[in-house]
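Fold and geometry: a report
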Amino acid sequence: QVQLVESGGGLVQAGGSLRLSCAASGLSFGWYAMAWFRQAPGKEREFVAAIDWSAGRTVYADSVKGRFAVSRDNAKNTVSLQMNSLKPEDTAVYYCAADRNLGIPTRRPYDYDVWGQGTQVTVSS
């Protein structure tokens, strides 16, 4: 069974940090680009960050560039998102996603065919 399970969400004050993790199972993790998306209430799901299969290339949304960092450990089948200098506008449900892609990771949600259930991140002002 293919599965992505996120963890690490929670409540944090503005300016604080959180680290999200996503554990993958049931797929050949090294063949997949991995990404993080988020969705706030009443808004569309938006791209946050992505990393290619080898961890050699990362892509970030402009809104998080310089504050968030995505990484992966292919030996442990995990991808992480380190979030620093958090702002109230970062509040959302964060989703991990996988795309069987050995090229440049994309920002388009419809390119990703495996999704986790999401983890809530709330940043208070």
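These remarks concern the structure in this document. Keep in mind that what you see is a predicted model, and the values were worked out from it rather than measured. (Residues numbered from 1 in each chain as written. Predicted model: local features only at pLDDT ≥ 70, side-chain atom pairs only at ≥ 80, totals over all residues. Heavy atoms only, no water.)

Generally speaking, soluble globular proteins have nonpolar side chains that are buried together. Formed by 38 residues in total, the largest nonpolar core has its most connected members in Leu4, Met34, Trp36, Val79, Leu81, Met83 and Tyr94. Once residues within four sequence positions are removed from consideration, methionine 83 is found in contact with Gly16, Ser17, Leu18, Leu20, Arg67, Phe68, Tyr94 and Val121. (Core = buried A, V, L, I, M, F, W, Y, C linked by side-chain atoms within 4.5 Å. Buried < 20%, exposed > 50% of the residue type's maximum accessible area, 1.4 Å probe, protein only. Contact = heavy atoms within 4.5 Å.)

To continue, consider the state of the cysteines. Applying the stated criterion to the full structure yields one disulfide. Two residues share a disulfide in this structure: cysteine 22 and cysteine 96, whose sulfurs sit 2.1 Å from each other. For the disulfide bridge between cysteine 22 and cysteine 96, the dihedral angle about the S-S bond is near -75°, and by the sign convention the bridge is left-handed. Taken together, the residues span a long stretch of sequence, with cysteine 22 in strand β3 (residues 18-25) and cysteine 96 in strand β9 (residues 92-100) at a distance of 74 residues. Judged by its relative accessible area of 1%, cysteine 22 is buried. On the basis of relative accessibility, which here comes to 0%, the residue cysteine 96 falls in the buried class. (Disulfide = S-S within 2.5 Å. Helix = DSSP H or I, 4+ residues; strand = E, 2+ residues; numbered from the N terminus.)

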